Amino acid sequence: MSVSQIIRLPPLPSIRDLIKLYKLRAMKELSQNFLMEPRLISRIVRSAGSIKDCEVCEVGPGPGNITRSIIQNMPSRVLIIEKDKRFTPSLELLAESSPVPLELIFGDVMNFNLEQMFNEDNKMEWEDKCPQIHLIGNLPFNVSTPLIIRWLKAISERKSAWRYGRVRMTLTFQKEVAERMVAPIMTKERSRLSVMCQNWCRVEHKFNIPGRAFIPKPNVDVGVVRLTPLKKPIINLPFDIIEKVIRSVFSYRQKHCIRGVETLFPKPVREQLASELLIAAAIEPSTRPFQLTVSEFGRICEAYMSICKEKPDYMKYNYREQKSDENWPDVKINNSDSSENIISINEY
């Protein structure tokens, strides 16, 4: 972007000066880290693509570092959602000085519905091009992964911001989380987060930011990721079904996938139905979860749905919560002692 295409803000105190003036400090309990390097801040905003004449919603602006760069790239409107009211003076000063409309909203993005936030004129049909709407955020580590899972669900249901079409997201994550999101099959980073993200979005790991660029310095580096919702998900089934199947299969990441598939069913019928499911899905039982493509997970989901159509109660089964399988209908209980060493499910 040329100099002539950048809006010049009126003279403002630097973010460093505002932090000192208002005695702002990053709160460890909120996983806050301030990015102070202008070059890297600009690069995050550029990673979103052109935001000229677009509506931009920034989540977690903090003192407003990235917000300034967003404004300079000439959007039509900026909305910022911040949970921490200590940043009110800094953000209000920026709102008063902004040459483009800037709306400050205090709230928790984890519980925030973006359904009515944007201009209806920017709404696009799902199969059309992406709308002139962007979500951008340097997120605290403790909310980034739960938030993207929540947003993937909203994408699958075309709700919240995605009522307006295939709204793009440019967000920061711990580097290892960013690597999981884009991880291909056969890699050590491949995880259930990989499959979930890649099923609903085109995922691009744009670049990494060293931890030393933040105040205070986190113990990890940061990855910037852009996600663009797909016109059609690879697995076109309800979100909760897909999430359940992927979570179960990855509960034994290093073992044969049949072990995870078995946990979808009560113990007495577990081995039989898991075997039938994988035959129907044309998946070799000795395949390991990180070797499975998204399409192969789709076949597993379809086979699971087919079994559950005949026995709907299996859809409710959760092996982590089930204390006893004896009450499950139409299940013959095997009283033999068959202890299992089920490992804990890894985080996304």
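Quick notes on the rules
- Residues numbered from 1 in each chain as written.
- Predicted model: local features only at pLDDT ≥ 70, side-chain atom pairs only at ≥ 80, totals over all residues.
- Heavy atoms only, no water.
- UniProt positions renumbered as here; feature names shortened; annotations may be inferred.
- Helix = DSSP H or I, 4+ residues; strand = E, 2+ residues; numbered from the N terminus.
- Buried < 20%, exposed > 50% of the residue type's maximum accessible area, 1.4 Å probe, protein only.
- Contact = heavy atoms within 4.5 Å.
- Areas by Shrake-Rupley, 256 points an atom, 1.4 Å probe, with all protein chains shown as cover.
- Phe/Tyr/Trp six-rings, centres within 6.5 Å; stacked < 30°, edge-to-face > 60°.
- Lys NZ or Arg CZ within 6 Å of the ring centre and 35° of its normal.
- Axes fitted to C-alpha atoms, helices over the stretch in contact; angles between N-to-C directions.
- Parallel < 35°, antiparallel > 145°, perpendicular 65-115°, else oblique.
- Left-handed = near helix turned anticlockwise from the far one by under 90°.
- Nonpolar A, V, L, I, M, F, W, Y, C, P; charged D, E, K, R; others polar.
- Pairing = 2+ DSSP bridges.
- 1 Å grid on protein atoms, 1.4 Å probe; cavity = no way out; pocket = protein on both sides within 12 Å on 5 of 7 lines; lining within 4 Å.
- Points joined across faces, edges and corners; volume = space filled by probe spheres on them.
- pLDDT = per-residue confidence, 0-100.

The protein chain appears in an unreviewed UniProt entry as rRNA adenine N(6)-methyltransferase from Aphis glycines. A UniProt comment under Sequence similarities (unreviewed entry) is attached to the protein chain, and it reads "Belongs to the class I-like SAM-binding methyltransferase superfamily. rRNA adenine N(6)-methyltransferase family." Quoted verbatim from the Subcellular location (unreviewed entry) field of the UniProt record, the comment on the protein chain reads "Mitochondrion".

**Q** Sorry, what's going on with the overall build of the protein chain here?
**A** Within the protein chain, the regular secondary structure consists of 11 helices and 9 strands. Residues counted as buried form 54% of the 348 residues belonging to the protein chain. When contacts within the protein chain are restricted to residue pairs at least 6 apart in sequence, long-range pairs at least 24 apart make up 70% of them. Carbon together with sulfur atoms contributes 47% to the accessible area of the protein chain, which is approximately 16800 Å² in total.

**Q** Would you explain the packing of aromatic side chains in this entry?
**A** In this description, a pair of aromatic rings is defined by centroid distance and the angle of the planes. Counting across every chain of the model gives 6 aromatic pairs. A centroid spacing of 5.9 Å and a plane angle of 80° characterise the contact between Phe265 and Tyr314, whose relative ring orientation is edge-to-face. One end of the pair, Phe265, is in the loop between helix H9 (257-262) and helix H10 (267-281); the other, Tyr314, is in the segment after helix H11 (294-310), and 49 residues separate them in sequence. We classify Phe265 as buried; its relative accessible area is 0%. Chaining the aromatic ring pairs together yields one cluster made of Phe265, Tyr304 and Tyr314. Cation over ring: Arg43 sits above Phe207, and NZ or CZ is 4.0 Å from the ring centre. Across from the ring centre of Tyr164, 4.5 Å away, lies the NZ or CZ of Arg163, which sits over that ring.

**Q** Got a minute to help me understand the packing of helix H2 (residues 38-47) against helix H3 (residues 65-72) in this structure?
**A** When two helices pack together, their arrangement is captured by the angle between the axes and the distance separating the axes. Running from N to C, H2 and H3 point in directions that differ by 55°, and their axes come no closer than 9 Å. Of the possible angle classes, the one that applies to H2 and H3 is oblique. Here H2 and H3 pass one another in a crossing that is right-handed. Residue-level inspection shows Ile41, Ser42, Ile44 and Val45 of H2 in contact with H3, the latter providing Asn65, Ile66, Ser69 and Ile70. Counted by class, the contact of H2 with H3 contains 5 nonpolar, 3 polar and no charged residues.

**Q** Whenever I open this one, unusual backbone geometry confuses me. Can you help?
**A** Note: most residues except glycine have negative phi, and most peptide bonds are trans. In the Ramachandran plot, Met74 falls in the positive-phi region, its phi being about 60° despite a non-glycine side chain. Looking at where Met74 falls in the secondary structure, it is placed in the loop between H3 and strand S3 (77-82). Since its relative accessible area comes to 17%, Met74 is described here as buried. Phi angles above zero are rare outside glycine, and Ser160 is one such case at about 55°. Structurally, Ser160 can be placed in the loop between helix H5 (141-157) and strand S6 (168-174).

**Q** Explain the sheet that holds S3 to me, please; I cannot follow it from the model alone.
**A** Strand pairing within a sheet occurs via backbone hydrogen bonds; the two strands may be parallel or antiparallel. Strand order in the open sheet formed by 7 strands is S4-S3-S2-S5-S6-S9-S7, with mixed pairing between adjacent strands. In the strand order of this sheet, the two ends are held by strand S4 (102-106) and strand S7 (201-209), each with one partner. The mean inter-strand angle of the sheet, taken between neighbouring strand axes irrespective of direction, is 20°. For strand S2 (residues 55-59) and S3, the ladder comprises 5 bridges, and the chain directions are parallel. Note on S3: the bridge partner recorded for Glu58 is Ile80. Sitting on the sheet, H2 touches S6, S7 and strand S9 (222-229), and the angle it makes with S7 is about 170°. The strands that helix H7 (residues 192-200) touches are S7 and S9; relative to S7, the one it contacts most, it runs at about 120°.

**Q** I keep staring at empty space enclosed by the protein and nothing clicks. Help me out?
**A** Any space left empty among the atoms is revealed by the rolling of a water-sized probe across them. Counted by the stated rule, this structure contains 1 cavity of 30 Å³ or more. Counted as a void, the largest cavity has a volume near 40 Å³. In the lining of the largest cavity, the residues fall into 3 nonpolar, 3 polar and 2 charged.

**Q** Is there a simple way to explain the environment of Ile279 in this structure?
**A** Relative to the assigned elements, Ile279 resides in helix H10. Classification of Ile279 as exposed rests on a relative accessible area of 65%. Placed 24 residues apart in sequence, Ile279 and Ala303 show a C-alpha to C-alpha distance of 8.9 Å.

**Q** In this structure, what is going on with the confidence of the model for the protein chain? I would like to understand it.
**A** Low-pLDDT stretches of the model should not have their predicted coordinates read in fine detail. Across the protein chain, the average pLDDT comes to 88, with 83% of residues at 70 or higher. Within the model, the stretch residues 332-347 combines pLDDT values under 50 with 21 contacts to residues more than four positions away or in other chains.

**Q** Would you mind going over the pairing of S6 with me for this structure?
**A** Remark: a regular strand shows side chains that alternate across the two faces of the sheet. Summarising burial for S6: 7 of the 7 residues are buried, a large majority. Here strand S5 (residues 133-137) pairs with S6 via 4 bridges, running parallel. Considered in S6, the bridge of Gly137 is made with Leu171.

**Q** Even after reading the chapter, I still don't get the UniProt feature "binding site: S-adenosyl-L-methionine" (unreviewed entry) in the protein chain, so can you show me in this structure?
**A** The UniProt record annotates "binding site: S-adenosyl-L-methionine" (unreviewed entry) at Asn33, Leu35, Gly60, Glu82, Asp108 and Asn138. Examined against the element boundaries, Asn33 turns out to sit in the loop between helix H1 (15-21) and strand S1 (34-35). Within the secondary structure, Gly60 is located in the loop between S2 and H3. Assessed through its relative accessible area of 27%, Gly60 is described here as partly exposed.

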